[in-house]
Amino acid sequence: MKINSPYDQFLLMADRHPRNECVRFEGTVMNYRRVHRGIMEAARKLSALHVHAGDVVAVALPNCPESIFLFYAINYLGACSYNIHPLTPPEGMAGFLKKVEVKALFALRNNANKFRKALPSSLPVVSINPYRGRNPLKSLAIHSMGGKEECLTYHTLPEVEAKPGNVLPEDDCVFLNTGGTNGEPKVARLSNRAINYTASQGYDLIREDVRSIHMLTAIPLFHTFGLCMGVHTPLSHGASTTLMLKFNTKEAIRHIQRGHATTIIGVPALYSALLSRDSFYGPWLRKQIVAWVGGDTCPESLLERWNEAMKAHGSKARLYEGYGMTETTVTHVNCRFFHKDGSIGKAFPDIKDGILDLDTMELAEPGKAGEILIGGPTVMSGYLMSPELNASSRIEMGGTLYFRTGDYGYKDEEGFLYFKNRIKRVVKIGGETHCPSDVERIAEEVPDVKEAFCYGVPHKMKGHVFRLAVSLQKTGRTKDEIRSEILSKIAKELAPSYLPERILVVERLPRTFIGKIDPKAFQREIDPEMD
């Protein structure tokens, strides 16, 4: 069987492991045969909406079985899935769909009517109640939140014969918005080859019986980490995914206790939330296989706390950092077979990485910091309808065409990659480059500090200076005592220019839907002087 698309890869597993657990959601467990039936049912519904090869279908759903059915069904037909944040405001959705011509929009029952009013009447909007037939109380709650039904409903859509498209590896598989936190969102085009290649590497990082691998997937499918690692990786090898509509610490711990989440992916905030609950700790942790963290800078103290918890309960699982972007999918990981503290791992086979020296615009030597470059099969086909941006985001070095990530870091002699900061967050103080993450790392080593965010503000003499915002654990110490310890630790470990001119104590740091610190919200809500 020739594997050209993610659907082809899933079908191969459905043929090999029809009775293996595939998807778990709200107490419903579906094997590969049942999920494949859901995919083909979705394909017939899409065909009734006149979706054909080359079309684009917008999907604004959190993690639920229908989001998986639709992803593979759209792929089966040779169409492209445009995965959009389900909490996008109606005006924002209208803006996205002006840029991309789509045949239909699928959305949650409680959001669909809002989208319907903001979109042309000619565009079919299909509402989905993910709890229907799975959780009566939650189903009723979702239904009542949506108001009077003004859209098509998924479960009543007619079905017609679905004909597979002629799908090629280089064809567009999924569109994903990127860059919305720091500017106008761009639309990245990811090919079938990019999605399949990322998933193909996953099992080698775990090497356990696939029936024991149950991936906890709280990161949504509009994020490459959730789509590629949370769903398509386990489903490319006969393993399973446990879906969470929205991350809930108590619910996640129940999954861990019952053995429904033996492998975890998440952002640092997810792991901090788990470790903060007494109910997380117990003999069930022995079933843990491995966990990966990405999407944001991970404090070393968080890795240590997780790993100590695993050791204390007899688990071989450890928490490893990885790296990727919407435009490149996941490209680097640490794992039990190769890892180095402080790094974000080594590149997958066939991925080429390099560091661009921003002074000489040449490839940097090991240990020299600069812009991280990525080349290889996972890199996007380009930004949709953005020829100038596509040209400026790529650079040819030594015969390889690289994507310029906008991330600042370095490689060591052994090929391990180290991430420092987004280049946009790198601050020039007195003409020298300073990374806010260096300050954040030290601040988060103070036991009283829950989380830290360092940033630059303009300064007449130095160009910029640092400020630091921290949220605190509940302890008996005063804020001034904690500030004093933070400043003392920074002064001992870093140059004087790194000392923040002010330390703000905040109740919480604003975060995006997937748990990353939201700089725009921080500037709006906490410090308008942030540059």
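Below is a short write-up of the structure. (Residues numbered from 1 in each chain as written. Predicted model: local features only at pLDDT ≥ 70, side-chain atom pairs only at ≥ 80, totals over all residues. Heavy atoms only, no water.)

### Topic: the pattern of salt bridges
Following the criterion strictly, the structure yields 33 salt bridges and no others. With a closest N to O distance of 3.3 Å, Arg 336 and Glu 208 form a salt bridge. Of this pair, Arg 336 sits in the loop between β15 (329-333) and β16 (346-347) while Glu 208 sits in the loop between α7 (192-202) and β10 (214-217), placing them 128 residues apart in sequence. Its relative accessible area of 29% is what places Arg 336 among the partly exposed residues. Across the salt bridge formed by Lys 489 and Glu 493, the nearest N and O atoms sit 3.7 Å from each other. (Salt bridge = Lys/Arg side-chain N within 4 Å of Asp/Glu carboxyl O. Helix = DSSP H or I, 4+ residues; strand = E, 2+ residues; numbered from the N terminus. Buried < 20%, exposed > 50% of the residue type's maximum accessible area, 1.4 Å probe, protein only.)

### With respect to the packing of α7 against helix α8 (residues 224-235)
Two elements in contact, α7 and α8, have axes whose closest approach is 9 Å; the angle formed by their N-to-C orientations is 60°. Seen along the crossing, α7 lies across α8 with a hand that is right-handed. Across the interface between the two elements, Ile 195, Asn 196, Thr 198, Ala 199 and Gly 202 from α7 touch Leu 227, Cys 228, Met 229, His 232 and Thr 233 from α8. Its residues assigned to classes, the contact of α7 with α8 shows 5 nonpolar, 5 polar and no charged. (Axes fitted to C-alpha atoms, helices over the stretch in contact; angles between N-to-C directions. Left-handed = near helix turned anticlockwise from the far one by under 90°. Contact = heavy atoms within 4.5 Å. Nonpolar A, V, L, I, M, F, W, Y, C, P; charged D, E, K, R; others polar.)

### Some points on the nonpolar core
Within the largest apolar cluster, 88 residues are counted, with the highest numbers of intra-cluster contacts made by Leu 70, Phe 106 and Trp 292. At 8 residues, helix α3 (residues 65-76) tops the list of elements feeding residues into this core. One finds Ala 218, Ile 253, Tyr 271 and Met 310 within the second-largest nonpolar core, a separate group that totals 24 residues. (Core = buried A, V, L, I, M, F, W, Y, C linked by side-chain atoms within 4.5 Å.)

### Brief notes about the pairing of β10
Taking every second residue as pointing to the same face, both faces of β10 are buried, with His 214 and Leu 216 on one and Met 215 and Thr 217 on the other. By the bridge criterion, 4 bridges tie β10 to strand β11 (residues 240-243) in an arrangement that is parallel. Bridge pairing in β11 places Leu 216 opposite Thr 242. Following the backbone out of β10, through α8 and into the adjacent parallel β11, one traces a crossover that is right-handed. Strand direction decides the pairing type here: β10 and strand β12 (residues 263-266), joined by 2 bridges, are parallel. Of the residues in β12, the one forming a bridge with Met 215 is Thr 263. (Pairing = 2+ DSSP bridges. Right-handed = clockwise from strand over helix to strand, strands pointing away.)

### A closer look at a positive patch on the surface
A contiguous patch of positive charge on the surface is contributed by Lys 250, Arg 254, Arg 258 and Arg 277. Tracing the backbone shows Lys 250 in helix α9 (residues 249-257). (Patch = residues over 30% accessible without salt bridge, like charges linked within 9 Å, V, L, I, M, F, W, Y side chains within 5 Å. Areas by Shrake-Rupley, 256 points an atom, 1.4 Å probe, with all protein chains shown as cover. Lys, Arg positive; Asp, Glu negative; His and termini not counted. Charge placed at Lys NZ, Arg CZ, Asp CG, Glu CD.)

### So, the sheet that holds β11
With respect to topology, 9 strands assemble into an open sheet ordered β2-β1-β11-β10-β12-β13-β14-β15-β16, the strand pairing being mixed. Pairing within the sheet leaves two strands with one partner each, and these edge strands are β2 (28-31) and β16. Contacts between helix α11 (residues 300-312) and the sheet are confined to β12, β13 (290-293) and β14 (319-325), with β14 contributing the most and set at about 135° to the helix.

### Topic: the packing of helix α1 (residues 6-16) against helix α2 (residues 32-48)
Closest axis-to-axis distance for the α1/α2 pair is 9 Å, and the angle between their directions is 145°. Pair α1 / α2 crosses with left-handed handedness. When α1 is examined against α2, the residues Tyr 7, Phe 10, Leu 11, Met 13 and Ala 14 are found in contact with a partner set consisting of Tyr 32, Val 35, His 36, Ile 39 and Met 40.

### Quick look at α7
Where burial is concerned, most of α7 is hidden: 9 out of the 11 residues are buried. Along α7, the positions that sit buried rather than exposed are Asn 192, Ala 194, Ile 195, Asn 196, Tyr 197, Thr 198, Ala 199, Gln 201 and Gly 202. Packing partners of the buried residues in α7 comprise α1, α3, β8 (172-178), β9 (186-191), α8 and β15.

### A word on the pairing of β13
Walk down a regular strand and you will see the side chains alternate between the two sheet faces. Taking every second residue as pointing to the same face, both faces of β13 are buried, with Val 290 and Trp 292 on one and Ala 291 and Val 293 on the other. Summarising the sheet, β12 and β13 pair through 4 bridges and their orientation is parallel. Bridged to Ile 265 within β13 is Trp 292. Handedness of the crossover is the feature at issue here: the chain leaves β12, passes through helix α10 (residues 268-275), returns alongside β13, and the resulting connection is right-handed. Where β13 meets β14, 3 bridges bridge the pair, whose relative direction is parallel. Across the sheet, residue Trp 292 finds its bridge partner in β14, namely Tyr 320.

### Things to note about the environment of Leu 61
Assignment of secondary structure puts Leu 61 in the loop between β3 (56-60) and α3. Excluding anything up to four places from it in sequence, Leu 61 contacts Glu 66, Ser 67, Leu 70, Ile 84, Pro 86, Phe 106, Ala 107, Leu 108 and Ile 128.

### So, unusual backbone geometry
Glycine aside, residues mostly have negative phi, and peptide bonds are mostly found in the trans state. Positive phi outside glycine occurs at Glu 26, with the angle close to 50°. With respect to the element layout, Glu 26 can be found in the loop between β1 (21-25) and β2. Its identity as a non-glycine residue notwithstanding, Asp 350 has a phi of 75°, on the positive side. As for its placement among the helices and strands, Asp 350 is situated in the loop between β16 and β17 (352-356).

### Focus on the side chain of Ser 393
Within the fold, Ser 393 resides in the loop between α12 (387-392) and β20 (394-397). The exposure class assigned to Ser 393 is buried, which follows from its relative accessible area of 7%. Of the polar contacts made by the side chain of Ser 393, one reaches the backbone oxygen of Asn 390; its length is 3.2 Å. Not counting chain neighbours up to four residues away, the residues in contact with Ser 393 comprise Tyr 383, Tyr 402, Phe 403 and Arg 404. (Polar contact = N/O pair within 3.5 Å; in protein donor to acceptor, adjacent residues only side chain to side chain.)

### Considerations on helix α5 (residues 109-118)
Burial within α5 is extensive, with 7 of its 10 residues counted as buried. Turning to α5, its buried residues are Arg 109, Asn 110, Asn 111, Ala 112, Asn 113, Phe 115 and Arg 116. Those residues of α5 that are buried lie in contact with β3, α4 (90-99), β5 (105-108), β6 (125-128) and α6 (136-145).

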